[in-house]
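Structural features, examined
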Amino acid sequence: MRCDLILRDAIIIDGTGGPRSRGDVAVTGDRIVGTGDLGAWSGEREVIATGKVVSPGFIDAHTHDDRAVLCGPACMLCKMSQGVTTVVVGNCGISLSPVRMKSRPIPPLDLLGDESWWTFDSFAEYRERLTNEPSPVNTLALIGHMSLRVEAMGGDMLRPATDGEAHKMQTRLREALQQGGAGFSTGLYYPPSHQAPTDEVIAVAEALRGTGKLYVTHMRDEGDGVIASIEETLKIGRDVGAPVVISHHKCTFPHNFGRSTETLALIEKASASQKVDFDVYPYVAGSTVLMPDKVKPTVPTKITWSIPHPELSGRWLKDIAAEWGVDIIEASKRLLPAGAIYFQMDEADVRRIMAHPLSMIGSDGLPHDAFPHPRLWGAFPRVLGHYVRDIGLFPLEIAVHKMTGRVADVFGLTDRGVIRTGAIADLVLFDPETVRDAADFDNPTLPADGIAETWVAGQSAYVHGHGATEARAGRLLTKGA
Ligand code: ZN
Ligand code: CU
């Protein structure tokens, strides 16, 4: 038998969570055409993979790569160098369509860039751009509530929507889902949607009914009100009959440390009667825009970008405040618009949440930050290296499952996230002994160690030591595709 590519004598971890096996994987075109002992086969290209793991390419369950997927291989190096072959964009209520901006968008929408990037009146236009100028990775796109709010309410967003506005958002969401959107996301934590009552969200999310597509949320409150926020999330999902994903699950601020025992018990109980899952990133720090009313002396804060003070990216907020002779709130105001990293979680919570069977790994990386949180370049290898190999939080097979087959199941992808004959050849080859994140909070943009090569639909997309290739084999995916 002849094929395009054979990975020989690999440790095969197939993405299902089942035990590893040793053998070969053969690829022709964009598909896996054989696995197991393929001694009688020959490949156009043969890779001796002894001692290395071949697994499905990782599916990054939570990203803000809406714009990064539009700008070619260099922009996605941060992900392909981790073994990521698919990204879920449009999280936290922020999606690049369907809204056109005439001026700089209100934070946190500006995480995706200034108005020059917001040019897609419909999801169909965004899809067309991705089709004409494909990304090197696959994209699943959620439609963001905040983007719909700007479109329906204009600049006047710090209030509940009227019934007419909510209806308009529902119509726009329905259109976008028909055009290939993968679900609906909210960011109720953020000022431009915090005033939206639960009823408004339910009215918009009504467009999900009957589609099987997801309701995904950066909840209203991940601190003191986390239990009420989980209950609100579950209610929204139940009321419109949609499966739910809680984004970057966490318990913020020192006085809430340890409460993941409560939150996980609540989610687990609900999962008996409705579909609910969550994503998590492997760090005790989060990152988003800088919000002066949210900074706290108990939460060490690092600046990731600042329009008036770009030279202060990477500096601690408290040091900047001390140099300026002001408090951290005043210093934050002077840095705006800006972004920050907040050290606001507990290591034991991060581990408990990550180890829970309902978790998926998502980076939540912010690709346009000048000094980004290291999760952008390191989330997946950090789980494989630090959490699996170094501290033994769970077996490698489970880690891979949380990055592949499980995510594919939650998002309704068939033929991805698994190694079997007939599946699409999105693959990663890595060394389980050396894989590790190199990016950290001091040097946040370093590619991972130990990720040898990444393939998207059978095409080599990233090679360690060489970087991204010219391949652009990524496609827009949606439920069932
Ligand atoms: Zn978020
Ligand atoms: Cu996010």
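Residues numbered from 1 in each chain as written. Chains lettered and ligands numbered in written order. Predicted model: local features only at pLDDT ≥ 70, side-chain atom pairs only at ≥ 80, totals over all residues. Heavy atoms only, no water.

Quick word on the overall build of the chain
Note the cut-off: The helix count covers DSSP runs of H or I at least four residues long, the strand count covers runs of E at least two residues long, and both are numbered beginning at the N terminus. Each radius of gyration is computed over the set of C-alpha atoms, and the globule rule expresses the reference value as 2.2 Å times the number of residues to the power 0.38. Each residue is placed in one exposure class: buried if its accessible area under a 1.4 Å probe, protein chains only, is under 20% of its type's maximum, exposed if it is over 50%, and partly exposed if it falls in between. Working rule for contacts: check all heavy atoms of both residues, and any pair within 4.5 Å makes them a contact. All accessible-area figures derive from a Shrake-Rupley calculation using a 1.4 Å probe, and residue coverage is judged against the displayed protein chains alone.
The helix and strand inventory of the chain stands at 14 helices and 23 strands. In terms of overall size, the chain behaves like a compact globule, its C-alpha atoms giving a radius of gyration of 22 Å where 481 residues would be expected to give roughly 23 Å. In terms of overall dimensions, the chain has C-alpha extents of about 70 × 50 × 45 Å along its principal axes. Considering the chain as a whole, with its 481 residues, one finds that 62% of them fall into the buried category. Looking at the chain alone, contacts between residues at least 24 apart form 75% of all its contacts between residues at least 6 apart. Of the roughly 16700 Å² that the chain leaves accessible, carbon and sulfur atoms contribute 53%.

Notes on the domain arrangement of the chain
Operational definition: Note that domain bounds follow an automatic or database assignment of domains. Summed over both partners, buried area is the accessible surface (1.4 Å probe) that two parts give up on being assembled. One speaks of a salt bridge when a side-chain nitrogen belonging to Lys or Arg is within 4 Å of a carboxyl oxygen belonging to Asp or Glu. We call two N or O atoms a polar contact when they sit within 3.5 Å, provided that within protein one can donate a hydrogen and the other can accept it, with sequence-adjacent residues counted only if both atoms are side-chain atoms.
When its domains are assigned, the chain resolves into domain 1 (57-286 + 342-416) and domain 2 (287-341). Relative placement of domain 1 and domain 2: their C-alpha centres are 25 Å apart. Counting residues at the interface gives 23 residues for domain 1, matched by 23 residues for domain 2. Here domain 1 packs against domain 2, burying approximately 1900 Å² in sum over the two surfaces, 68% of which is carbon and sulfur. The three residues of domain 1 that bury the most area against domain 2 are Tyr342, Phe343 and Phe371, which together make up 41% of that side's buried surface. Seen at the junction of domain 1 and domain 2, the total is 0 salt bridges. At the boundary of domain 1 and domain 2, one finds 9 residue pairs in polar contact (both at pLDDT 80 or more). Of all the secondary-structure elements, those providing two or more residues to the side of domain 1 that touches domain 2 are β15 (285-289) and β17 (338-343).

Structural notes on the coordination of the zinc ion (ligand 1)
To keep things clear, this is the line we draw: In this listing, donors mean N, O and S atoms no farther than 2.8 Å from the metal, or 3.2 Å for Na, K and Ca; water is missing from the atoms, so a site can look incomplete.
At 2.1 to 2.3 Å from the zinc ion (ligand 1) lie its protein donor atoms, namely Cys92 (SG), His218 (ND1) and His248 (NE2). Between the donor residues of the zinc ion (ligand 1), the gaps in sequence give the motif C-x125-H-x29-H. The distance between the zinc ion (ligand 1) and the copper ion (ligand 2) comes to 3.0 Å, and cysteine 92 binds to both of them. With cysteine 92 in the loop between β7 (84-89) and β8 (99-100) and histidine 248 in the loop between β13 (244-246) and α8 (260-270), this residue pair connects regions lying 156 residues apart in the sequence. On the basis of relative accessible area, histidine 248 is assigned to the buried category, the value being 2%.

Overview of the coordination of the copper ion (ligand 2)
Here the copper ion (ligand 2) is held by the protein donor atoms His62 (NE2), His64 (NE2), Cys92 (SG) and Asp364 (OD), which lie 2.1 to 2.4 Å from it. Donor residues binding the copper ion (ligand 2) come from one chain and are separated in sequence as H-x1-H-x27-C-x271-D. Judged by its relative accessible area of 3%, histidine 64 is buried. Residue class for aspartate 364 comes out buried when judged on its relative accessible area of 5%.

Quick look at the sheet that holds β17
The strands making up a sheet are joined through hydrogen bonds of the backbone, oriented either antiparallel or parallel. Inclusion rule: Pairing between two strands is assigned when DSSP locates at least 2 bridges connecting them. Axis definition: a line fit to C-alpha positions, over the contact stretch in the case of helices; interaxial angles, taken between N-to-C directions, run 0 to 180 degrees.
Strand order in this open sheet of 3 strands is β15-β17-β16, and the pairing throughout is antiparallel. Since the sheet does not close on itself, it has two edges, and those belong to β15 and β16 (301-306), each with one partner. Put simply, the sheet's adjacent strands are angled 20° from each other on average, direction ignored. Looking at chain direction, β16 and β17 are connected through 5 bridges and run antiparallel. When the sheet's bridge partners are listed, serine 306 is paired in β17 with alanine 338.

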